[in-house]
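Here is what each chain is made of, one letter per residue.
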Amino acid sequence: MKQPSFTIKTFGCQMNVRDSEIMAQLLAEKGYVESMEMKDADVVILNTCSIRAKAEQKAMSLLGALRKVKKRRPGMKICVAGCVAQQEGEEICRRMDYVDLVIGTQNLYELVDLLESVDGTSKVATSMSNSYEIPAFIPSMPSLTSPGGPQGATPAPSVRKFLTIMQGCNNYCTYCVVPYTRGREISRKVNDIIEEARVLVDAGVQEITLLGQNVNSYGRTNSVTAEGGEYSFALLLREVAAIEGLKRLRFTTSNPKDLSPDLMRCFSEIETLCPQFHLPVQSGSNIVLSKMNRKYTRELYLQKVAELRSFRPDISLSTDVIVGFPGETEADFEQTMEILEDVRFHSSFSFKYSDRPGTRSADFDDKVDEQVKSERLSRFQKRQDQICLEQNSLYVGKILPVMIEKVTDDGLMGRTETNHIVHIKEIIECSPGDIVSVTINHAGQHSLNGRIDSSNQ
Ligand code: SF4
């Protein structure tokens, strides 16, 4: 009998990539096989993102295109998952009656049962509860490759993996949908995380990135150990770092207000913890930060950056910035440019503000003109690109440990501890996951070039 097939199209962040891996494994465990062609699949899942209008539009237009395919193949099941599903479940089914199933961010693990209960009428399963517990999840070999991930998603080397440690967020930044689409902060049990990390390392994974919307507050809102009691993210880092065979450890994302000296100290005490930190600032203006409900000031942010650099002077910092937040004046924006000059981020993700459904800022007055937003964004990105090049040029002439990710006929590709991509136009006997010493001989805006250092021979 032909095995049923599935395709998962993932939009947005690493959290969604991870959720898609979980869905793929749940289906594979029930005998489904992955289909590379969406039009030929028995089950099509769109794992959506609603962090920005653009991400949502992309998913909705693909869903529109699937109407024709479904007409030709009425047996195909179409499922919408992720943050747009959580937010607009009923509305999606009202507008697109050919959608069979809409599942929310807390209903992931019911996917197969819900799919198999589909009976021609659209089903919406988007219940959300504050007492939700993230089930233990142990990856099996097939899920060590990312199904249908967004362009540029980690191809299938088994050397780097993301590991989700928590879901949701309690911070309610006024522009953000996450607390509404992923619910309140829920941390996974320490033992489940350690067991998953061990399975990954045993399967050949050498670098793990711990993933959450605000990892700094891990273990604060629910008990994560059998004994109960206090537990911190810094403690979790130390436990994961102790796993034999793990070469590199990273984490993302952090809200600066929860960045503790305890966590900063990890960067000078844990050898496998990479000197790279993503610390979203969003704006350099205290007026805007307050309207965003970010709960820190520019002064506190800069103080924490200075403290972090005192623990690890070579740390590479990246950030997120929103330009054109409602009410943002030219003077406010200038302060964002000043933060960029002060911190000199190695890289950043910067976006124009867009209203998101259900967020407080969507009702704020003084929306900034689209043209002005675009001008500010290009000014910010232009200066950031210059700083990227200036910061990357500081590595030229240095010998750096590079973890190889790709071995091709023309050379090698890998990453430094500071998460810089390095291209090496040489071939030596090595495999993905090996760490080789590389002399950097050229710096670009977004990557470095190097040659194998004689110390490897
Ligand atoms: S901390 Fe991050 S995920 Fe949480 S509400 Fe703010 S922007 Fe959203």
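Refer to the preceding data block for the structure.
Nothing here was measured: the structure is a model prediction, and the numbers come from that model. Every chain begins its residue count from 1, and numbering advances along the sequence as written. This being a predicted model, a pLDDT of at least 70 is required before a residue's local features are given, and a value of 80 or more before pairs of side-chain atoms are given or counted; all residues contribute to the totals for chains, interfaces and linings. The side-chain quantities take in all heavy atoms of the structure and omit both hydrogens and water.

A. Molecular detail of the sheet that holds strand 14 (residues 347-352). Strand pairing requires that DSSP identify at least two bridges connecting the strands. Only DSSP runs of H or I covering at least 4 residues are called helices, and only runs of E covering at least 2 are called strands; the numbering of each starts at the N terminus. Strand order in the open sheet formed by 3 strands is 12-13-14, and the pairing between neighbours is parallel. Single-partner strands in this sheet number two, and they are strand 12 (276-278) and strand 14. Strand after strand, the sheet turns through a mean of 10° between neighbouring axes, direction not considered. Here strand 12 runs beside strand 13 (residues 316-323); their pairing, made up of 3 bridges, is parallel. What sits directly across from His-278, in strand 13, is Ser-318. In what follows, a contact means two residues having at least one pair of non-hydrogen atoms within 4.5 Å. Note on method: axes are straight lines fitted to C-alpha atoms, helices fitted across the in-contact stretch only, with angles between N-to-C directions ranging 0 to 180 degrees. Its contacts with the sheet put helix 12 (residues 370-393) on strand 13 and strand 14, and the angle it makes with strand 14 is roughly 175°.

B. View of the packing of aromatic side chains. A pair of Phe, Tyr and Trp rings is counted when the ring centres sit within 6.5 Å of each other, with Trp represented by its six-membered ring. The angle between the planes then sorts it: under 30 degrees is stacked, over 60 is edge-to-face, the rest tilted. Within this structure, the stated rule accounts for 10 aromatic pairs. A ring pair is formed by Phe-233 and Phe-251, whose centres lie 5.0 Å apart and whose planes are at 85°; its orientation type is edge-to-face. Taken as a pair, Phe-233 in helix 7 (residues 233-241) and Phe-251 in strand 11 (residues 248-252) lie far apart in primary sequence, 18 residues in all. Residue exposure (1.4 Å probe, protein chains only): buried if accessible area is under 20% of the type maximum, exposed if over 50%, otherwise partly exposed. We classify Phe-233 as buried; its relative accessible area is 2%.

C. Quick look at the sheet that holds strand 10 (residues 207-211). Pairing is parallel across the open sheet formed by 3 strands, whose spatial order is 7-10-11. Edge positions in the sheet fall to strand 7 (160-164) and strand 11, since each of these pairs with one other strand and no more. Shown here is a sheet whose adjacent strand axes are inclined to one another by a mean of 25°, direction ignored.

D. A look at the pattern of salt bridges. The salt bridge criterion pairs a side-chain nitrogen of Lys or Arg with a carboxyl oxygen of Asp or Glu, the two atoms within 4 Å. In total, this model carries 33 salt bridges according to the counting rule given. The partner of Glu-196 in a salt bridge is Arg-18, with the nearest N and O atoms 2.3 Å apart. Here the residue Glu-196 occupies a position in helix 6 (residues 190-202), and Arg-18 occupies one in helix 1 (residues 14-28), the gap between them amounting to 178 residues. The class of Glu-196 is buried, set by a relative accessible area of 0%. Accessibility expressed as a relative area gives 2% for Arg-18, which makes it buried. A salt bridge links Asp-355 to Lys-367, with the shortest nitrogen-to-oxygen separation between them at 3.1 Å. Within this pair, whereas Asp-355 is found in the loop between strand 14 and helix 12, its partner Lys-367 is found in the loop between strand 14 and helix 12, the two being separated by 12 residues in sequence. Residue classification places Asp-355 among the partly exposed residues on the basis of a relative accessible area of 34%.

E. Spatial organisation of helix 7. If you check which residues of helix 7 are buried, you get Phe-233, Ala-234, Leu-236, Leu-237, Val-240 and Ala-241. Viewed along the axis of helix 7, the buried residues span an arc of 160°, placing them on a single side of the element. The inward-facing, buried residues of helix 7 contact helix 6, strand 10, strand 11 and helix 8 (261-269). The directions considered for the arc run from the helix axis to the C-beta atoms.

F. Representation of the site of the ligand in the model. Taken together, Cys-169, Asn-171, Tyr-172, Cys-173, Tyr-175, Cys-176, Val-178, Pro-179, Gln-213, Asn-255 and Arg-294 make up the full set of residues near the ligand. Of the residues that constitute the shell around the ligand, the class distribution is 7 nonpolar, 3 polar and 1 charged. Proximity is defined per residue: any heavy atom of the residue falling within 4 Å of a molecule or strand makes that residue near it. For this scheme, ten residues count as nonpolar: Ala, Val, Leu, Ile, Met, Phe, Trp, Tyr, Cys and Pro. Four count as charged, namely Asp, Glu, Lys and Arg, and the remainder, Gly too, count as polar.

G. Here's a closer look at the packing of helix 2 (residues 53-72) against helix 3 (residues 83-95). Between helix 2 and helix 3, the shortest axis-to-axis distance is 13 Å and the interhelical angle comes to 35°. Seen along the crossing, helix 2 lies across helix 3 with a hand that is right-handed. Contacts from Glu-56, Met-60, Leu-63 and Arg-67 of helix 2 reach helix 3 at Val-84, Glu-88, Ile-92 and Arg-95. When the residues that make up the contact of helix 2 with helix 3 are grouped by side-chain class, the tally is 4 nonpolar, no polar and 4 charged. Crossings are sorted by hand: turned counterclockwise from the far helix by less than a right angle, the near helix makes the crossing left-handed, and turned clockwise it makes it right-handed.

H. Representation of the pairing of strand 17 (residues 421-424) within the structure. Covered by surrounding structure in strand 17 are Val-422 and Ile-424 only, the residues Ile-421 and His-423 on the alternate face being uncovered. As judged from the 4 bridges shared by strand 16 (residues 411-415) and strand 17, these two strands associate in the antiparallel manner. Its bridge partner lying in strand 17, Gly-414 is registered against Val-422. The antiparallel hairpin formed by strand 16 and strand 17 contains 5 residues in its connecting segment, where Asn-419 sits at a positive phi of about 70°. Looking at chain direction, strand 17 and strand 19 (residues 448-452) are connected through 3 bridges and run parallel. Within strand 19, the position partnered with Val-422 by the bridge is Leu-448.

I. Local environment of the environment of Asn-107. Along the chain, Asn-107 turns up in the loop between strand 5 (101-103) and helix 4 (111-116). For Asn-107, a relative accessible area of 1% puts it in the buried group. For Asn-107 and Ile-424, which are 317 residues apart along the polypeptide, the C-alpha to C-alpha distance reads 44 Å.

Functional significance is not addressed by these values, which are geometric in nature.
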